[in-house]
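Observations on chain architecture
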Amino acid sequence: MQKIYILFFLLITRTLLSQEELTQTIRGTVIDKQTQSPLPGAVISIAGTNPIRAASTDAEGKFRFDSVVLGRKQLKISLISYKEKSQTVTLNSGKETVLNIELEESAVQGREVVVTSEVDKTKTNNKMTTVSSRVFSTEEASRYAGSRGDPARMAANYAGVSGANDSRNDIIIRGNSPLGILWRLNGLDIPNPNHFGNLGSSGGPISILNNNTLDNSDFLSGAFPADYGNATAGVFDLKMRSGNNEKYEFLGMIGFNGFELGAEGPFNKKKKNGSFMINYRYSTLAVFKYIGLDFGTGSAVPQYQDLTFKTDFPTKKAGKFSVWGIGGLSFVDLKQSDQSKGNNLYGYSGLNTSFKSNVGASGLAHTYLLNSSSYIKTNIGISGQGNIITADRVDTSKHPATIRPDYRNTSYTIKYSANTTYNKKFNSRNFVNGGFYLDLYNTSFVDSIDNDGKGFVILRNYKGQTFLGRGFIEWKHSFNEKLSLNTGFTYQYLVLNRSSAPEPRLGLKYEFSKKQSVSFGAGLHSQVQPLYIYFATSNLGNGNIRETNRNLDFTRAVHAVVAYDVNLFNSVRIKAEAYYQYLYSIPIKSYPNYFSTVNLGADFNSPNVDSLVSKGTGDNYGIELTLEKFYSKGYYFLVTASLFESKYRASDNAYRNTAFNGNYVFNALAGKEFKIKEKHILALDVKVTYAGGKRYVPINVAASILSQSEVRDGTFAYNYQYDPYFRIDIKPSYKLNTKRFTHEISVDIQNVTRHNNIFQQEYDLNTQAVKTDYQLKFFVIPQYRLTF
């Protein structure tokens, strides 16, 4: 080990003394944002070079800069009749920078329209968004302290999103259940993309999404356009980047998400007509456990692995084809004897639980340019998620302890998907697109529970198919350079019970100037229930069961958002949004009870809840503020504040807080880079979070002792909150560029103040008392990344 330290010290010393100037290549393609057609003649210049370096795109929209000195560079892209765009890129010696730049045509023709902001992350990839949206940058996910390279955890820093949970990465938007999120990858709607995810859930402890393979993507938190359906809370529209089509590049990494190896490059280095990219990760948590890092599972060691790949095949006449896939396998044994007192984030008191979860998605995408003003994009694919769960009850009051089977679950959902969209730009003021989405679900839900030692009682036993279809149309119209309209309509139909959902959408934006605008968005949004809800059963006795939820309607939500956005300086902006959401047709009990599906996703399980009717309602409303300095001049900061209320009314007619009504969330992030001769970069990133505590249903101890199982007191459901959540994370990092390699080392230190954040309270079957479990008190995540 001492020799390794000496060699690393000598490497740093040599490069510090070296006067050799390291360079890299910047290349890419410039296309029209609405038609996806290449734009010849666009001028790209590199700011800050002397003399100024500039190039123009060729007939295929391609450009190239060789031998560009390493570091952050700002590109300016301009073309007559298009809005000028600025983009900041980071050049490392271990990897080429390959860009796909989209320009938006101006409503005022015949001149350049200059956008004064250095970079605008409010400009999403989806051209139809108006409010509550921004670009998710892969660089941000790797840079922000506390994010663990996870897109979902990074999104928790945005206004309106609550992420006060160390155990899972659920995205809770504006007090909505995380089950209201739509995950989309490369144009296909996918299941929960996380390891150890329960069927029907949307989060998990570790994401299978690999930040090293993602491109800039969109995050939407309300009033989203008509091409997004089957969601009531928000959308994460992710895209994978393409592999390098000119040279082979490799990656090796060790961190929280696993041991990782990656490769990309051209299929044919001479023809440069296709590329591949593949990454594989395997769990490192066993190593972390060995060196004494506790992450809430006692001595149990989670095992997981995942694979990500993408291939691209551009053709001259048949369009562009892409084949991609992601998949993850995970398994963990949570023993009663392994549960560490006061720090049990995953296990259940008195139970030995074995949990296996597999998830995956794969697709074929085809983009075909019909002409210079229209194109068709088609996706077909398959995705699926499955769980195998066994739980045995452990009675430690006896010696030796006795073990009795308690619960069994074997369930899966496989979805076959296809969608096609037609996109047409009539002129600089009018753009229309429309299409359809088809999803065929092949499902199996089989679970049972112990009946006081008298054998198992079947909860759900369903195998079959159902179909969800959706069609949509959208129109974008620019009245002039200041006023624009986005409107659309989508219609959904569920074959299972012949329910349907018509959904109009509307967005308006008025720009007072290039630095100041006001926007309004509204729409009706609908979502099918988690499939296991439809197949819940009621036990009629004598082994007879009856499905009671088959005819549930879509859950529906009306969104209304008003936003004000102002750029104070070239890279500093303030954004304020106010919103109101009215939810209805929510499944609740048919008899007086506090249960409502708006609270699903607050726990790990997928409950068997029968006798539901679509008569519940809810309200979400609040205000959000964002103060942000995009990265420039060596530093950035992001401050977000959210004040909100989230209420619901169930069959007991009480107007209650939802499980996700934390009332407030404050985030502050900042980072600074220190450069040493462009080859060495030291950085420090800091994050502070202060949020309202989790709401809960209190435990009735007397009833729990009597029934020998945990009993909650629904009379006071979600009246109380745990203490506020507070956490400070610090992430120092170091980057070293050599002639062919880029080394990156970081240490993400989470909860540096060791603040006691309550995770949950549960009834301990062995002590017959309420036990409090805490979230991670102090967590250190080292990471090393090598690209070459």
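Shown above is the structure to which this text applies.
These lines cover the structure that appears in this document, whether it is placed above or below. (Residues numbered from 1 in each chain as written. Predicted model: local features only at pLDDT ≥ 70, side-chain atom pairs only at ≥ 80, totals over all residues. Heavy atoms only, no water.)

Pairing within the open sheet is mixed, and its 5 strands lie in the order S8-S15-S16-S11-S12. Each having just a single partner strand, strand S8 (133-136) and strand S12 (188-189) make up the two edges of the open sheet. Sheet topology note: the S8/strand S15 (residues 214-220) ladder contains 4 bridges and is antiparallel. Bridged to Val-135 within S15 is Asp-218. (Pairing = 2+ DSSP bridges. Helix = DSSP H or I, 4+ residues; strand = E, 2+ residues; numbered from the N terminus.)

Attention shifts here to the pattern of salt bridges. Summed over the entire model, instances satisfying the criterion amount to 38 salt bridges. Linking Asp-447 and Arg-460 is a salt bridge whose minimum nitrogen-to-oxygen distance equals 2.6 Å. Pair noted here: Asp-447 is in strand S25 (residues 430-450) and Arg-460 is in strand S26 (residues 456-478), with a separation of 13 residues, a long-range link. Each member of the pair, Asp-447 together with Arg-460, is buried. For Asp-553, the salt bridge is made with Arg-556, and the minimal N-O distance between the two is 2.9 Å. What makes Arg-556 buried here is its relative accessible area of 10%. (Salt bridge = Lys/Arg side-chain N within 4 Å of Asp/Glu carboxyl O. Buried < 20%, exposed > 50% of the residue type's maximum accessible area, 1.4 Å probe, protein only.)

A few words on the nonpolar core. Membership of the largest hydrophobic core comes to 33 residues, with the highest contact counts inside it found for Phe-136, Ile-171, Trp-183, Leu-185, Phe-219, Phe-236 and Leu-238. Of all the secondary structure elements, the ones that give two or more residues to this core are helix H3 (151-155), strand S11 (181-185), S15, strand S16 (234-240), strand S21 (320-334), strand S22 (351-371) and strand S35 (635-649). Dropping the residues within four chain positions of it, Phe-236 is found in contact with Phe-136, Pro-151, Ala-152, Ala-155, Ile-171, Leu-182, Trp-183, Arg-184, Asp-218 and Phe-219. (Core = buried A, V, L, I, M, F, W, Y, C linked by side-chain atoms within 4.5 Å. Contact = heavy atoms within 4.5 Å.)

Going through the model one piece at a time under the given rule, you end up with 25 aromatic pairs. Geometrically, the ring pair formed by Phe-219 and Phe-236 is edge-to-face, given 5.1 Å between the ring centres and 65° between the ring planes. Here Phe-236 lies in strand S16 and Phe-219 lies in strand S15, a separation of 17 residues in the sequence. The two residues Phe-219 and Phe-236 agree in class, both being buried. Ring centres of Tyr-696 and Tyr-720 lie 6.3 Å apart, and the angle between their planes is 35°; on these two criteria the pair is classed as tilted. Taken together, the residues span a long stretch of sequence, with Tyr-696 in strand S39 (residues 695-696) and Tyr-720 in strand S40 (residues 720-721) at a distance of 24 residues. Under the relative-accessibility criterion, Tyr-696 is labelled buried at 16%. Across from the ring centre of Tyr-579, 4.4 Å away, lies the NZ or CZ of Arg-174, which sits over that ring. Between Arg-470 and the ring centre of Tyr-437, over which it is positioned, the NZ or CZ distance is 4.3 Å. (Phe/Tyr/Trp six-rings, centres within 6.5 Å; stacked < 30°, edge-to-face > 60°. Lys NZ or Arg CZ within 6 Å of the ring centre and 35° of its normal.)

Across the 7 residues that make up S16, a large majority, 6, are buried. Sheet analysis places S11 next to S16, joined by 5 bridges and oriented parallel. Residue pairing for S16: Ile-181 is matched across the bridge by Gly-234. Here S15 runs beside S16; their pairing, made up of 5 bridges, is antiparallel.

Before going further, it helps to spend a moment on the sheet that holds strand S2 (residues 43-46). Read across the sheet, 4 strands follow the order S3-S2-S5-S6 without closing on themselves; strand pairing throughout is antiparallel. In this open sheet, the two strands that pair with only one neighbour each are strand S3 (53-56) and strand S6 (85-91). Averaged over all adjacent pairs, the angle separating strand axes in this sheet is 25°, with direction ignored. Bridge count for S2 against strand S5 (residues 71-78) is 4 bridges, and the pairing is antiparallel. Paired with Ile-46 across the two strands is Leu-75, which belongs to S5. (Axes fitted to C-alpha atoms, helices over the stretch in contact; angles between N-to-C directions.)

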